[in-house]
Amino acid sequence: MSGGTDRDMDVRVRVPRQTRSSSSGDVNREEDGGREGDARGSGGGRDGDGGRDGDARGSGGGRDGLGAAALSSGARGAEALEPLISTVLDALAKGAKTRGGPIAPGHPEAVAAAVGEVFGEVFGAAGGATGTAVLDRLTELLAHGSADPADPACAAHLHCPPLAVAVAADLAVSALNPSQDSWDQAPAATALETLLLQELARLVGYDGQRAAGVLTSGGTESNLMGLMLARDRVLGAATGEQVELTGVTGRAARPRILTSAAAHFSVQRAAALLGLGEEAVLSVPVDRQLRMDTDALASMLDACVERGELPVAVVATAGTTDTGAVDSLRACAALAAEYGAWLHVDAAYGGGALLSDRLAPLLDGLELADSLSLDWHKLGWQPAAAGIFLVREAETYASLARRAVYLNPTDDEEAGYPSLLGLSLRTTRRADAFKIAVTLRTLGREGLGRLVDACHELALSGARTVRTHPRLELHAEPVLTVFLFRYLPVDADADEERGAEGKHGVAGKHGVEGKHGAAGKHGADGERSDRINAALRRRLLREGRAVVGRTELPGEGPGRVRLKLTLLNPHTTAEEVERLLLAVVAAGRAEEEEEEEAAAEMSEGVVLA
């Protein structure tokens, strides 16, 4: 079945939501009938502003004679924005209604063709649309063609549905457009970011007055910064050089970065960018939960020293992408200190546990990190980007210091004008701290903690459903809000799975033991299991029914493909998660049936030949 391609992304036609039978296993979401009305009604009676809306559409969105060239700030900025925001909100509601689910159905080629068609219409040679029509048309297109992380069936990635209050705060930043590279571009935002970072440093367990940090684009940038400072401090101390000036000269022992086999790929990317090379990164084995084996870490650090190599950094993970695993932070800190290495903790995902009284103990020892990363666009419900980089001691930031006479001249700083330029790798930088500050002051740690706990409960409930379903297999219990599982095909050969047991170690590093032994409840040929699980995920995407994650367990050989639910919508219910899992089962059965039909046709063709 190709599934759903006749509901491709053409927003010119208001295609109603498809009626999907319960036998398909689809998530039975509530109808969107009231959503458009709610969206329109929540804007202070915009529909009652008929004349104003009509005027805006006719004049290009501005009543000051500038039309489409009106500005978003200044004395008349709000006046210019108001009808445009009304247009955007209406178009978002229309696009969501025509999408009718977590993602628009169709193959990527069909989606791209639909986008190209609409884009060509509004910017075509015939002159295109005028007034707010372009904004309306393209916003509806974007909404229709977006994966909606607020939909209960959209649960693949660390892709959160942002809080409305955070999005509203982000609108203020977009309108005012402050840039954090000099005080005179962002006076209030400069002070606010400084205060927010002090508060977040205290939340981590740092001394807010001694720590330092900056808002980043996310974990990738934060990890790069942590490893840059590690390189400069540790390698610099070993060579007596300012590595940020001289570069990696080769006069020191070979630098090494040690991190788990389940760590984020940005660690290798950072090593490459810093001139250390990806091969400088040593991958430490993990246990079944994908936590770093600290005994193996100790052995590998010792082996580095014996080979005359220099352990520059240990990168621990607090919340792996696939399982939410949290490394033993205290043990990692002790080993890093023993070998003179910098400890960076990637808490981009797991840092959200700090908001929860229940889950915060998982991060015991985080305060011992030399540097760390947090992402509030994951378990913080912020629109991207909302990354945070912190160091325990501000003095370790020295190698990033930068003086640009047109941005932070010395005499300005001496006169009391602060600068954040030397805290970031970027120059122009949005005031991303503002939306986080608004969210924190609106909900507080307690309110945000309730959201974290709700998502954790959803993961536990989903795992229970998997454990009790005869066609699903759970990899490991959820730690945070994500879990791995797979669909178990029927009548598969158990030999491959038994082979996987030997390769990955049921009781050892990468176990894939099923609920009824290593072969799983039905037995599972590794290659067939991988193929069907990968295909059923694409089927769900193609039919617009669900967005489910896919990954592979560390190791080698077949039998390692797993599906993933990352639950970040605190308003989703346990029943909706169960229906999503039933949709996975239905898609798996459909894939098996197609394989059987194809095999039967092939066999019939051979007989006829």
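Refer to the structure printed above.
Residues numbered from 1 in each chain as written. Predicted model: local features only at pLDDT ≥ 70, side-chain atom pairs only at ≥ 80, totals over all residues. Heavy atoms only, no water.

## So, the pattern of salt bridges
Part 1 of the reasoning: Scanning the model with the defined rule gives 38 salt bridges in all.
Part 2 of the reasoning: One salt bridge in this structure joins Glu193 and Arg429, with 3.0 Å as the shortest N-O distance. Highlighted residues: Glu193 in helix α7 (residues 187-204) and Arg429 in the loop between α13 (410-414) and α14 (433-468), separated in sequence by 236 residues.
Part 3 of the reasoning: Residue Lys435 is joined to Asp432 by a salt bridge in which the shortest nitrogen-to-oxygen separation is 3.3 Å. Exposure class is identical for Lys435 and Asp432. Each is buried.
Part 4 of the reasoning: Through salt bridges with shared partners, one network takes in Arg471, Arg528, Arg531, Glu592 and Glu595. (Salt bridge = Lys/Arg side-chain N within 4 Å of Asp/Glu carboxyl O. Helix = DSSP H or I, 4+ residues; strand = E, 2+ residues; numbered from the N terminus. Buried < 20%, exposed > 50% of the residue type's maximum accessible area, 1.4 Å probe, protein only.)

## A short note on the packing of aromatic side chains
Part 1 of the reasoning: This model, assessed by the stated rule, comprises 3 aromatic pairs.
Part 2 of the reasoning: Geometrically, the ring pair formed by Trp183 and Tyr417 is edge-to-face, given 5.1 Å between the ring centres and 80 degrees between the ring planes. Placement of Trp183 in the loop between α6 (164-176) and α7 and of Tyr417 in the loop between α13 and α14 is noted, with a sequence separation of 234 residues between them.
Part 3 of the reasoning: By relative accessible area, Trp183 is classed as partly exposed at 30%.
Part 4 of the reasoning: Owing to a relative accessible area of 40%, Tyr417 belongs among the partly exposed residues under this scheme.
Part 5 of the reasoning: Here Phe389 and Tyr397 contribute two aromatic rings whose centre-to-centre distance is 6.0 Å and whose plane-to-plane angle is 85 degrees, an arrangement assigned as edge-to-face. (Phe/Tyr/Trp six-rings, centres within 6.5 Å; stacked < 30°, edge-to-face > 60°.)

## Side note on a negative patch on the surface
Part 1 of the reasoning: A surface patch of like charges, here negative, comprises Glu593, Glu596, Glu597, Glu601 and Glu604.
Part 2 of the reasoning: Summarising the element assignment, Glu601 is placed in helix α17 (residues 574-608). (Patch = residues over 30% accessible without salt bridge, like charges linked within 9 Å, V, L, I, M, F, W, Y side chains within 5 Å. Areas by Shrake-Rupley, 256 points an atom, 1.4 Å probe, with all protein chains shown as cover. Lys, Arg positive; Asp, Glu negative; His and termini not counted. Charge placed at Lys NZ, Arg CZ, Asp CG, Glu CD.)

## Remarks on the sheet that holds strand β9 (residues 472-474)
Part 1 of the reasoning: With respect to topology, 5 strands assemble into an open sheet ordered β1-β11-β12-β10-β9, the strand pairing being mixed. Both outer strands of the open sheet, β1 (154-155) and β9, are each paired with one neighbouring strand and no more.
Part 2 of the reasoning: Inspection of the sheet shows strand β11 (residues 547-552) paired to strand β12 (residues 561-566) by 4 bridges, in the antiparallel sense. From the neighbouring strand, Gly549 faces β12, where its bridge partner is Lys564. (Pairing = 2+ DSSP bridges.)

## Some points on the packing of helix α8 (residues 219-239) against helix α10 (residues 266-273)
Part 1 of the reasoning: Interhelical geometry of α8 versus α10 gives an angle of 50 degrees and a closest axis separation of 9 Å. When the axes of α8 and α10 are compared, the pair comes out oblique. For the pair α8 and α10, the sense of crossing is right-handed. The residues of α10 that touch α8, namely those facing Thr220, Asn223, Leu224 and Leu227, are Ser266, Val267, Ala270 and Leu273.
Part 2 of the reasoning: For the contact of α8 with α10, the class distribution of residues is 5 nonpolar, 3 polar and no charged. (Axes fitted to C-alpha atoms, helices over the stretch in contact; angles between N-to-C directions. Parallel < 35°, antiparallel > 145°, perpendicular 65-115°, else oblique. Left-handed = near helix turned anticlockwise from the far one by under 90°. Contact = heavy atoms within 4.5 Å. Nonpolar A, V, L, I, M, F, W, Y, C, P; charged D, E, K, R; others polar.)

## As for the packing of α6 against α14
Part 1 of the reasoning: With their axes 8 Å apart at the nearest point, α6 and α14 run at an angle of 145 degrees to one another. Handedness of the crossing formed by α6 with α14: right-handed. Along its contact with α6, which presents Val165, Ala166, Ala169, Asp170, Ala172 and Val173, the element α14 presents Phe434, Lys435, Val438, Thr439, Thr442 and Leu443.
Part 2 of the reasoning: Residues of the contact of α6 with α14, tallied by class, amount to 8 nonpolar, 2 polar and 2 charged.

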